[in-house]
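Coordinate analysis (summary)
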Amino acid sequence: MKKILIVNANYYKKISANLVFSANKKLKEHKIKTKIVEVPGVFEIPFILSKYIKKYDAFLALGCVIK
């Protein structure tokens, strides 16, 4: 079974919650095992990816940057 790590930058909580819900729902439909890691902002995403790079088959980085 494939394993995907979802890294969620939850600075905008309502937006990120919807992104995670939709992504997780779609992956579960395809019977893909997921784990979600929450980070405070988008700049922390690369650190988490490098930390888990050997443990997962793929990564999904979710975040919202509004200028």
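Okay, so let's go over this structure. In this text, all values refer to a predicted model and were calculated from it rather than measured experimentally.

This part covers the environment of Ala 9. Structurally, Ala 9 can be placed in strand E1 (residues 3–9). A residue is classified by how much of its surface remains accessible, and Ala 9, at 3% relative accessible area, is buried. Along the sequence, Ala 9 and Lys 51 sit 42 residues apart, while their C-alpha atoms lie 16 Å from each other. Not counting the four nearest positions on each side in its chain, Ala 9 is found in contact with Ser 16, Val 39, Gly 41, Val 42, Ile 45, Leu 62 and Gly 63.

Core analysis: the largest hydrophobic core is formed by nine residues, namely Leu 5, Val 7, Ala 9, Val 37, Val 39, Ile 45, Ile 48, Tyr 52 and Tyr 56. Elements with a minimum of two residues in this core: E1, strand E2 (33–39) and helix H2 (45–52). Counting residues in each nonpolar core, the second largest holds seven residues, with Val 20, Ala 23, Leu 27 and Leu 62 among its members.

Once that is clear, we can look at the sheet that holds E1. Taken together, the three strands give an open sheet; going across it, the order is E2-E1-E3, and neighbouring strands pair in parallel fashion. In the strand order of this sheet, the two ends are held by E2 and strand E3 (58–62), each with one partner. When strand polarity is set aside, the average angle formed by the axes of neighbouring strands in this sheet is 20°. Two elements, E1 and E2, share seven bridges in a ladder whose sense is parallel. Across the sheet, Val 7 pairs through a bridge with Val 37, a residue of E2. In the packing of helix H1 (residues 13–29) onto the sheet, contacts are made with E1, E2 and E3, and the angle to E1 comes to roughly 170°. Across the sheet, H2 is in contact with E1, E2 and E3; its angle to E1 comes to roughly 160°.

To continue, consider the pattern of salt bridges. Scanning all chains against the criterion turns up one salt bridge. Between Glu 29 and Lys 26 there is a salt bridge, with its nearest N and O atoms 3.4 Å apart. Of this pair, Glu 29 and Lys 26 both sit in helix H1, three residues apart, which is roughly one turn of that helix.

A rise of 1.5 Å per residue sets the reference length of H1, with its 17 residues, at 24 Å; its end C-alpha atoms lie 24 Å apart and thus fit the reference within 8%. Ser 16, Val 20, Ala 23, Asn 24 and Leu 27 are the residues of H1 that are buried. One face of H1 carries all of its buried residues, which in axial projection span an arc of 100°. Facing away from the buried side of H1 by over 90 degrees, the exposed positions are Lys 14 and Phe 21. The inward-facing, buried residues of H1 contact E1, E2 and E3. Lys 31 lies just past H1 and shows a positive phi near 55°.

Rules behind the numbers
- Residues numbered from 1 in each chain as written.
- Predicted model: local features only at pLDDT ≥ 70, side-chain atom pairs only at ≥ 80, totals over all residues.
- Heavy atoms only, no water.
- Helix = DSSP H or I, 4+ residues; strand = E, 2+ residues; numbered from the N terminus.
- Buried < 20%, exposed > 50% of the residue type's maximum accessible area, 1.4 Å probe, protein only.
- Contact = heavy atoms within 4.5 Å.
- Core = buried A, V, L, I, M, F, W, Y, C linked by side-chain atoms within 4.5 Å.
- Pairing = 2+ DSSP bridges.
- Axes fitted to C-alpha atoms, helices over the stretch in contact; angles between N-to-C directions.
- Salt bridge = Lys/Arg side-chain N within 4 Å of Asp/Glu carboxyl O.
- Expected span 1.5 Å × (residues − 1).
- Arc of directions from axis to C-beta.

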